[in-house]
Amino acid sequence: MRYSNLFFYTLRETPGEAEIASHRMMLRAGLIRRLSSGIYTFLPLGYRSLRKVEQIIREEMDRAGAQEMLMPALQPQEIWEESGRLDIYLAENILFRTKDRQGRWYALGPTHEEVVCEVARARINSYRDLPFTLYQIQTKYRDEIRPRFGLMRGKEFSMKDAYSFDLDADGMDVSYEAMYKAYKRIFKRCGLQARPVEADSGSIGGDASHEFMVLADSGEDTVVSCDKCSYAANMERAQVGGGMQDVDPNVEQLEMEDIDTPGVRTIEELTAFLNISPREVVKTLIYMADEKPVVAILRGDHQLNDLKLKRALGADSLELADDKTIEKVTGAPVGFAGPQGIEAGVPIIMDRSVSPLSNFTTGGNKKDVHTKNVNRGRDFQVTKVADIREAAENDHCPRCNDGKLQLRRGVEVGHVFKLGTKYSKPMNVSFTDTDGVEAPVFMGCYGIGVGRTLAAVIEQNNDENGIVWPLSIAPYQVVIIPVSMKDKEQVKEAELVYEEIGNSGIEVLLDDRDERPGVKFKDADLIGFPIKIVVGRSLKEGKLELQARCRKEKELVPQALILTRVQELMEEIS
RNA sequence: CGGGGAGUAGCGUAGUCCGGUAAACGCGCACGUCUGGGGGGCGUGAGAGCGGGGGUUCAAAUCCCCCCUCCCCGACCA
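Residues numbered from 1 in each chain as written. Chains lettered and ligands numbered in written order. Predicted model: local features only at pLDDT ≥ 70, side-chain atom pairs only at ≥ 80, totals over all residues. Heavy atoms only, no water.

Asker: Account for the packing of helix H11 (residues 488-503) against helix H13 (residues 562-573), with residues named and values stated.
Answerer: At their nearest, the axes of H11 and H13 sit 10 Å apart, and the two run at 50 degrees to each other. Between H11 and H13, the angle falls in the class oblique. The way H11 lies across H13 gives a crossing that is right-handed. Contacts between H11 and H13 pair Val-497, Glu-500 and Ile-501 from the former with Ile-562, Leu-563 and Val-566 from the latter. Partitioning the contact of H11 with H13 into residue classes produces five nonpolar, no polar and one charged. (Axes fitted to C-alpha atoms, helices over the stretch in contact; angles between N-to-C directions. Helix = DSSP H or I, 4+ residues; strand = E, 2+ residues; numbered from the N terminus. Parallel < 35°, antiparallel > 145°, perpendicular 65-115°, else oblique. Left-handed = near helix turned anticlockwise from the far one by under 90°. Contact = heavy atoms within 4.5 Å. Nonpolar A, V, L, I, M, F, W, Y, C, P; charged D, E, K, R; others polar.)

What follows is the structure, encoded as structure tokens:
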């Protein structure tokens, strides 16, 4: 391809809409263009890279034994009723829906569990028909609450989604493992450092799941990892280790005492008012779990993790209680709750870190009053002790003895789930086993955000001049720049090299624009082609300049050797 | 949806508080010219009526009302 024929543009200045590196650079390099919030056009250069990511995914999925198919984006609403997910998705307002001329409802698929189940059950009769794994690369539609960061979160986005079907849980584990391994290879080939972390399965549901995270400051998730062992988890799920010591029996339990704390509601206000550490305070939160009030208590310097609380309670829904409920449960307005004197029958869930505390300060369950020297056992009883707080920097690792937890930001590029029979039961995907008994299949589902992966690659591979594409997914592998289009010798040589390299199967772009050299160099760096050949002043000595985008050094290569040297360099940087 | 910010030429912005009579600047674009190894110089020129609608006023980018769009922080997810 010649620049003179290429549909592209680059922007000198950063469009105001872009905040993070990948978004900025994709706009500046002319890879994508926004049509509307969360909706993007892939321009030719960006689309080439996107297709390369897709191709890597295809190769690795096929290698893992999965089979590609293509399901419809437009889905009749009935199948969503059948799986029982329609209400949930409608409540979340995430579906793009439309009616046909007959008034029937359709949804633009936000995901494809329902459709794939419909397909699979048509085929599966006997245990002999299992196992298999299907996948597709499809555009998904989700009315996201907040699209952002360019390709990172869109209303329309490309996703590879795969679904495995197995006889039983063991089979499912094998399929899961195969996908897990394939994912590692996919991200590695894309030039990404992605790390699998334990994850919450969210609205897709299911038992176990891992997310593949790319560490980046711009990431929307927080990744918790151990500095000594391999433990890593999404903040949503991250456990907290450390001993669960009990109260020191030698500490004398002092008399409870009320303190007047007018207008003091938050932990910050309280610790400032009393001049004590938040570690000596117990914070009391009132939640509604499945419509019933519960009390959660944790140390003043900790944050509650509501997903963990929800799991500890085995609840389906969990939300903060409203002011009215809080008054009813504690007898005081918001901000003065304490575990002592809670309404009878309301369960109290205590975070493990509260266990060793004695004579602590907490809300007095009266307006403008806090109470000190509160003690568990004497002053209140807990229903359950559990790990319900958010992990914090330097917390103990839950898996190894001496590790400390670290918090980093990450981008979720892939997610693998063990679904079990969550969809196969309602969707009636079953088979007859060897005993002639009908049983539901065990499913897994496996997603990769294709565009998001592309963005993550740029997030991880860029410098002040632009993108530094890994060879595997660069829009073109090599760019040839004749320094002056007025120099006939340079132009002639550039054309020859362009032919030679192109004929060898390498993807090459010739910058035949009559631009000043600085412009050509800047564009090449911004778009980030892995290899650059400059035909310039050294041509007089019969030499060409060769440079990898990811390296500082340039080398002079005799004309006759350029193809060989390019091939070697490609080998070196891949 | 709650909180914060912003819509002025293809892009980046100034002007808005304190209304004032051809809407400014840089980049990009076109033409000419000098140049030709990191977004070059000089000159000439085209391009917006200020997100949309309504109102106030002698006069509105600027003040008031309504609406739309975009970005950032939170809940959601690949």
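Asker: Let's hear about the nonpolar core: which residues, and what values?
Answerer: Leu-31, Met-61, Tyr-183 and Trp-469 are the most contacted members of the largest nonpolar core, which has 58 residues in total. Each of domain 1 (18-195 + 421-458) and domain 3 (476-573) gives at least three residues to this core. What Leu-31 contacts, discounting residues up to four positions off in sequence, is Met-26, Thr-41, Phe-42, Leu-43, Leu-45, Gly-46, Ile-458, Ile-467 and Trp-469. Of all hydrophobic cores here, the second largest spans 28 residues; its members include Met-71, Leu-419, Tyr-423 and Met-427. (Core = buried A, V, L, I, M, F, W, Y, C linked by side-chain atoms within 4.5 Å. Buried < 20%, exposed > 50% of the residue type's maximum accessible area, 1.4 Å probe, protein only. Domains from an automatic or database assignment.)

Asker: Any details on the sheet that holds strand E16 (residues 318-320)? Residues and values, ideally.
Answerer: The mixed open sheet is built from five strands, whose spatial order is E16-E14-E15-E17-E20. Of all strands in the sheet, those bounded by a partner on one side alone are E16 and strand E20 (384-386). The mean angle between the axes of side-by-side strands here comes to 35 degrees, regardless of whether they run parallel or antiparallel. Sheet topology places strand E17 (residues 348-351) next to E20; three bridges connect them, and they run parallel. For Ile-349, the partnering residue across the bridge sits in E20 and is Lys-384. On top of the sheet, helix H8 (residues 306-313) reaches strand E14 (282-289), strand E15 (292-299), E16, E17 and E20; it is set at about 130 degrees to E16, its chief contact. (Pairing = 2+ DSSP bridges.)

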